[in-house]
Amino acid sequence: MEILQIEATKYTPQIILDPDGYISIKGKSYPENSFEFYEPIIDWIENYFTLTNTTKTIIDIHIVYFNSSSSKVFFDIFDIVDEYNNSHHIDINWLYDKENENVYESGEDFIEDFKNLKINLISI
Amino acid sequence: MQFHENKLISQIQHLKEEFDTTTTKLIKELKRQDKIMARSDKRQQQEYDELMDLKIELEETQKEIVFIMGAIGEYRTKELGNHVKRVASYSYLLAKYYGLSHKECELLKYASPMHDIGKVVIPDSILNKAGRLDEQERAFIQKHSAIGYNLLKNSHRELLQVASIIAHEHHEKYNGEGYPNGLSGEEIHIYGRITALADVFDALSSDRVYKKAWDDERIFALLKEEKGKHFDPKLVDIFFKHLDEFLEIRDRLSDPISS
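Starting from 1, residues in each chain are numbered consecutively following that chain's sequence as written. Note on labels: chains are lettered from A, ligands numbered from 1, in written order. For this predicted model, a pLDDT threshold of at least 70 governs which residues receive local features, and a threshold of 80 or more governs which side-chain atom pairs are given and counted, while totals over whole chains, interfaces and linings are taken from all residues.

S.K.: Would you mind showing me how to read the overall build of chain B here?
M.R.: Secondary structure elements are taken from DSSP: a helix is a run of H or I of four residues or more, a strand is a run of E of two residues or more, and numbering for both begins at the N terminus. Per the secondary structure count, chain B includes ten helices and zero strands. Of the regular secondary structure in chain B, the N- to C-terminal order runs α-α-α-α-α-α-α-α-α-α. Relative to its 259 residues, chain B shows a buried fraction of 31%. Partitioning the contacts of chain B with sequence separation of at least 6, the portion at a separation of at least 24 is 67%. Whether a residue is buried, exposed or partly exposed is read from the other C-beta atoms within 10 Å of its own C-beta, which are placed from the backbone; 20 or more gives buried, 12 or fewer gives exposed, and intermediate counts give partly exposed. Placing a C-beta atom from the backbone of each residue, one calls two residues in contact when those atoms lie within 7 Å.

S.K.: Mind showing me how you'd approach the overall build of chain A here?
M.R.: The number of helices and strands found in chain A is three helices and six strands. Reading chain A from its N terminus to its C terminus gives the helix and strand order β-β-β-α-β-α-β-α-β. Residue burial in chain A is summarised as follows: out of 124 residues, 27% are buried. Here the analysis covers contacts within chain A between residues at least 6 apart in sequence; of these, 71% occur between residues at least 24 apart.

S.K.: Explain the sheet that holds strand E5 (residues 89–96) of chain A here, please?
M.R.: Backbone-to-backbone hydrogen bonds pair the strands of a sheet. The strands run either parallel or antiparallel. Residue and element names in this part refer to chain A. Paired strands, as defined in this entry, are two strands with at least two bridges between them according to DSSP. Within the open sheet, the six strands sit side by side as E1-E2-E3-E4-E5-E6. Their pairing is mixed. Here the strands that pair on one side only, and so sit at the sheet edges, are strand E1 (4–6) and strand E6 (118–123). Here the strands of the sheet are splayed against their neighbours by 10 degrees on average, with no regard to which way each runs. Of the strand pairs in this sheet, E1 and strand E2 (residues 14–18) are connected by three bridges, and their pairing is antiparallel. A fitted line through C-alpha atoms serves as each axis, taken over the contacting stretch for helices, and the angle formed by two N-to-C directions is quoted from 0 to 180°.

S.K.: Looking at this structure, how should I read the nonpolar core?
M.R.: A general tendency of soluble globular proteins is for nonpolar side chains to be buried together. Formed by 40 residues in total, the largest nonpolar core has its most connected members in Ala111 and Ala163 of chain B. If one sorts the elements of this core by residue count, helix H2 (residues 83–98) of chain B sits on top with eight residues. Ignoring any residue separated from it by four or fewer positions in sequence, one finds alanine 111 of chain B in contact with Val66, Leu159, Val162, Ala163 and Ile166 of chain B. Definition of nonpolar core: a set of buried Ala, Val, Leu, Ile, Met, Phe, Trp, Tyr and Cys residues joined via C-beta atoms within 7 Å. Counting 23 residues, the second largest nonpolar core, distinct from the first, contains Ile59, Phe74, Leu95 and Tyr96 of chain A.

S.K.: Just to check I follow, could you spell out the pairing of E6 of chain A for this structure?
M.R.: Put simply, side chains in a regular strand alternate between the two faces of the sheet. In terms of strand pairing, E5 of chain A meets E6 of chain A through six bridges, oriented parallel. When the sheet's bridge partners are listed, tyrosine 96 of chain A is paired in E6 of chain A with serine 123 of chain A.

S.K.: What's the story with helix H6 (residues 158–169) of chain B in this structure? I'm lost.
M.R.: Quick reminder: α-helices carry 3.6 residues per turn. Residues three or four places apart thus point the same way. All names here are of chain B. Expected span of a helix, by definition, is 1.5 Å for each gap between consecutive residues, and there is one gap fewer than residues. In this model, H6 (twelve residues) spans 17 Å end to end at C-alpha, consistent with the 16 Å of a helix rising 1.5 Å per residue. Within H6, ten of the twelve residues are buried, which leaves it mostly tucked inside the rest of the structure. Restricting attention to buried positions, one finds in H6 the residues Leu159, Leu160, Val162, Ala163, Ser164, Ile165, Ile166, Ala167, His168 and Glu169. Close packing links the buried residues of H6 with helix H1 (7–76), helix H3 (102–111), helix H5 (135–152) and helix H7 (190–205).

S.K.: In this structure, what is going on with unusual backbone geometry? I would like to understand it.
M.R.: Among all residues save glycine, negative phi is the norm, and among peptide bonds the norm is trans. Residues tyrosine 179 of chain B and proline 180 of chain B are joined by a peptide bond in cis, for which omega reads 5 degrees. Here proline 180 of chain B shows up in the loop between H6 and H7.

S.K.: Sorry if this is basic, but what is going on with the confidence of the model for chain B here?
M.R.: Residues shown with low pLDDT carry predicted positions that ought not to be read at fine detail. Residues and elements named next belong to chain B. On a range of 0 to 100, pLDDT expresses the predictor's confidence in each residue. Across chain B, pLDDT averages 90, with 95% of residues at or above 70. At the low end of the mean pLDDT range in chain B sits helix H4 (residues 124–127), at 84; at the high end sits helix H9 (residues 233–241), at 97. Quick note on the complex model: pTM equals 0.69, ipTM equals 0.83.

Shown next, in the form of structure tokens:
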């Protein structure tokens with residue numbers, strides 16, 4: 001499996017998907033079509049969990065601004081991660097800028113919805 | 001006795017389980033959607049509020065800068081006190097009764113303090129000369145309209161655009177005998193025609209280095225005499241029709257008596 005890296009644009013975050021066990025989404029996320037933008041990322045993550053033998057995965061998500069469809073996509077991503085939570089050791093770091101109440105609150109939403117996932121809320 | 005189990009029951013049982021799974025999933029999905037929507041609404045509200053705060057900040061900053069620039073010109077000409085504030089208020093009133101929109105009245109009010117900004121480059125020896133100016137000096141001082149215009153014209157900001165028109169045309173005269181371009185009648189922008197009257201009325205009402213304030217009778221006589229010559233006749237009519245309001249502004253914004 002190949003590493004997939006997508007550079008940040010004005011509307012989309014930087015993405016790093018490393019089959020050695022590291023996933024990072026960083027920046028702003030308000031693409032015109034979030035589902036289209038995240039489709040290859042979601043495909044990669046599904047393949048990663050089914051195809052690789054990696055047993056530990058670290059996921060860093062550091063979003064500074066996002067639209068509601070991106071928020072929906074994050075739920076979808078967490079759904080996939082949740083499915084493989086038993087067979088993998090998965091650490092999720094939901095990073096937020098100290099002043100950014102909105103990002104902090106959506107981190108809380110994920111914790112509430114995904115009781116089995118280990119989601120750390122980390123202020124930067 | 002053993003009953004034969006109805007095959008339908010197991011089928012229904014299966015359907016029920018599937019139905020349960022699907023509805024549970026749907027409920028979960030709907031709850032998520034609601035949550036996303038509520039968060040998004042909250043965010044939108046915050047963002048709009050922030051945007052409006054920024055807009056106000058921007059507008060206020062523009063107004064303050066314009067006012068300060070006007071005050072710089074005022075310091076240079078030693079027309080200290082409330083000259084620019086009075087001209088601003090007279091202009092607003094003339095614009096309102098002339099029938100300009102509220103927005104234009106406001107723009108005029110906030111831009112008019114810059115009408116003499118071009119004077120910043122006129123030497124003190126001319127600007128503050130107590131006696132009569134010779135022809136050369138007068139020609140020099142008249143350059144302030146074009147200078148003010150050139151300073152302001154390149155900005156695309158609405159307020160500065162209005163200010164550039166005022167700086168350029170506030171010494172034009174209705175009969176075409178003004179400067180810098182000798183425009184006449186409605187060729188002169190309404191902003192210029194309004195500021196011309198407001199500026200002259202205030203100048204006549206105030207002490208200047210080269211003259212004492214005129215008494216009202218003399219001022220009113222001159223404005224009537226210059227109706228259709230220096231000033232737009234419609235504006236002179238408005239001025240006299242609402243004279244009490246203009247005099248109220250003059251009183252309210254009168255300069256402290258200098259020692």
